[in-house]
Amino acid sequence: MKDFRIGHGYDVHALGEGRRLVLGGVEIPHERGCIAHSDGDVAIHAVCDALLGAVALGDIGLHFPDTSAEFENIDSKILLSRTAAKVREKGYEIGNIDCTIAMQRPKLRPYIDMMRRALAEAMSVAVDRVSVKATTTERLGFEGEEKGVSATAVALVYEK
């Protein structure tokens with residue numbers, strides 16, 4: 001019987017004026033974007049943590065520290081591609097990813113399919129193995145007050 005593993009990831013970034021908003025590997029027009037060392041893509045960061053957790057390799061900060069100049073302003077799709085490679089080096093393949101982004105606005109529905117494709121491409125998996133969903137928090141909490149954005153993700157991996 002093959003070994004199946006599940007990992008969970010979570011990430012949060014504050015929003016700031018004049019910053020780029022990148023979610024799920026897609027730049028989204030908005031007056032505010034994530035304040036971060038990298039491009040601040042909370043969706044990809046949550047997916048990376050889920051994948052790393054599934055194969056017991058720690059978290060994104062361990063592999064791609066925000067204290068390193070190498071990762072300053074980096075495109076998070078590069079981090080996701082490297083994370084997928086680490087999963088495969090451990091002898092596992094990515095079964096599927098499910099990611100939820102919480103943000104009051106802008107509405108993310110028009111970008112979901114682009115995000116799914118960008119994530120799938122970065123991980124070298126079929127797009128039907130990647131789910132991205134978006135929700136508001138009904139104006140509650142930091143997401144609802146438009147102070148920040150969060151994302152959760154789960155990953156299923158299986159032994160090759």
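Scroll up a little and you will see the structure.
Throughout this document, residue positions are counted from 1 along each chain, in the order its sequence is written. This being a predicted model, a pLDDT of at least 70 is required before a residue's local features are given, and a value of 80 or more before pairs of side-chain atoms are given or counted; all residues contribute to the totals for chains, interfaces and linings. The basis for every side-chain value is the complete set of heavy atoms in the structure, and neither hydrogens nor water enter the calculation.

Caption draft 1: Focus on the side chain of R32. Put simply, DSSP H or I for four residues or longer makes a helix, DSSP E for two residues or longer makes a strand, and each gets a number counted from the N terminus. With respect to the helices, strands and loops of the structure, R32 is situated in strand β4 (residues 32–34). Each residue is assigned to one of three classes by its accessible area relative to the maximum for its type, calculated with a 1.4 Å probe on protein chains only: buried under 20%, partly exposed between the two thresholds, exposed over 50%. Judged by its relative accessible area of 18%, R32 is buried. We call two N or O atoms a polar contact when they sit within 3.5 Å, provided that within protein one can donate a hydrogen and the other can accept it, with sequence-adjacent residues counted only if both atoms are side-chain atoms. Within the local environment of R32, its side chain forms a polar contact with the backbone oxygen of L15, the two atoms lying 3.3 Å apart. A distance of 2.3 Å separates a polar atom in the side chain of R32 from the backbone oxygen of E146. We call two residues contacting when some pair of their heavy atoms lies within 4.5 Å. Not counting chain neighbours up to four residues away, the residues in contact with R32 comprise L15, G16, E17, R19, L21, E146 and K147.

Caption draft 2: Highlighting unusual backbone geometry. Looking along the chain, the bond that leaves R105 and enters P106 is cis, with omega of 10°. Along the chain, P106 turns up in the loop between β5 (92–102) and α4 (112–123). Here the phi dihedral of A56 falls at roughly 55°; this positive angle occurs in a residue that is not glycine. With relative accessibility at 59%, the residue A56 sits in the exposed group. With a phi angle near 60°, N73 is a residue other than glycine that sits in the positive phi range.

Caption draft 3: Molecular detail of the nonpolar core. Formed by 47 residues in total, the largest nonpolar core has its most connected members in L23, L51, L80, I101, M115 and M123. Secondary structure elements with two or more residues in this core: β2 (21–23), β3 (26–28), α1 (42–54), α3 (76–89), β5, α4, β6 (130–135) and β7 (148–159). Residue contributions to this core peak at nine residues, all from α1. Non-local contacts of L23, meaning those with residues more than four positions away in its chain, are made with I28, D41, V42, I101, M103, L108, M115 and V149. By nonpolar core is meant a set of buried Ala, Val, Leu, Ile, Met, Phe, Trp, Tyr and Cys residues that side-chain atoms within 4.5 Å join together.

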